[in-house]
Amino acid sequence: MTSSVKNKAARSQTVNLDTLTLWITGASSGLGEALAIEFAKHGATLILSGRNSEKLEAVKQKCNDSHKHFTVAFDILDDEQTIQAYRQVKTYLTDNDLKIDWLINNAGVSQRSLIMETSEQVERQLMEINYFSQTKLSRLVLPEMIAQGGGKIVMVSSVAGLLGTQYRGAYGAAKAAIHMWANSLRAELSNKNIEVATIFPGFVNTNVSINALVGDGTTQGTMDEATGKGLSAEAFAKQVVQALVAGEEYIIVAGQKEKLATFINRLSPTHLYKIIRKVKVK
């Protein structure tokens, strides 16, 4: 057995979610909500954040042992709100003799517009939400994780961050950037007992396409056919929790077509893009 396999096996045997506190961003709906509910089933203590306090409280009530979870509503794009939210979380953790064991950077928004129809302002907005806000919060949390002797940073990227497709130019670029940032972080902090995992969702049946930004910055407002036929959020969450507990670092959770596309991309990117040009999945 190789050393990497041994390390993963050891982690899968020792990780008990009922001893961990997890901070999940973008937890008020979609993937974040599903992850919160699934982690709570396994006994984890949760910090749930998003912009809407009422929705966060509703998610909290769906979680097992709802009394032990904490919600903090803030706009992750606002630096001052983010810093204040971090201070609130630290106070709560100190008062309850807890620490942040895992940070799950899930907040984000998708895109459904062609590059030539998308303003630079919207592209910057997509990068701010899907990249800079995630790295910013991670940098706030990491010093505490290092001081306490370890932790896990989880980035939610996308299959779109592995494959360039139509209608997702800036979104795919941001998700690719977060993937590369996570790779660098993993290498830099490996001697600090900081684990880094990246999740690559494919099509999951949530409101992601309804809330996706179009070229002028408004939302699409409709469900894509591919998204509507995607994995359920519950199935996604089960696979993610299982993979993270097992110590996996590179986690693709998607349907067979998306998995096949990532496989073809590794073998022959040129062949894959000939297929993508013809398919034009929105």
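Refer to the preceding data block for the structure.
This text gives an overview of the structure that appears in the document. (Residues numbered from 1 in each chain as written. Predicted model: local features only at pLDDT ≥ 70, side-chain atom pairs only at ≥ 80, totals over all residues. Heavy atoms only, no water.)

## Quick look at the environment of S119
So, point 1. Among the structural elements, S119 can be located in the loop between β4 (102-105) and α5 (120-148).
So, point 2. For S119, a relative accessible area of 30% corresponds to the partly exposed category.
So, point 3. C-alpha separation for the pair S119 and I129, spaced 10 residues apart in sequence, amounts to 16 Å. (Helix = DSSP H or I, 4+ residues; strand = E, 2+ residues; numbered from the N terminus. Buried < 20%, exposed > 50% of the residue type's maximum accessible area, 1.4 Å probe, protein only.)

## Some points on the sheet that holds strand β2 (residues 45-50)
So, point 1. Across the sheet, seven strands lie side by side as β3-β2-β1-β4-β5-β6-β9; this open sheet has parallel pairing. The strands lining the two open edges of the sheet, one partner per strand, are β3 (70-73) and β9 (250-253). Direction aside, the axes of adjacent strands within the sheet are offset by 15° on average.
So, point 2. As judged from the four bridges shared by strand β1 (residues 21-24) and β2, these two strands associate in the parallel manner. Across the sheet, L22 pairs through a bridge with L46, a residue of β2. (Pairing = 2+ DSSP bridges. Axes fitted to C-alpha atoms, helices over the stretch in contact; angles between N-to-C directions.)

## Examining a nonpolar patch on the surface
So, point 1. Taken together, the side chains of L260, F263 and L267 define a hydrophobic patch exposed on the protein surface, amounting to about 320 Å² of accessible area.
So, point 2. Its place among the elements puts F263 in helix α9 (residues 256-267). (Patch = residues over 30% accessible without salt bridge, like charges linked within 9 Å, V, L, I, M, F, W, Y side chains within 5 Å. Areas by Shrake-Rupley, 256 points an atom, 1.4 Å probe, with all protein chains shown as cover. Salt bridge = Lys/Arg side-chain N within 4 Å of Asp/Glu carboxyl O.)

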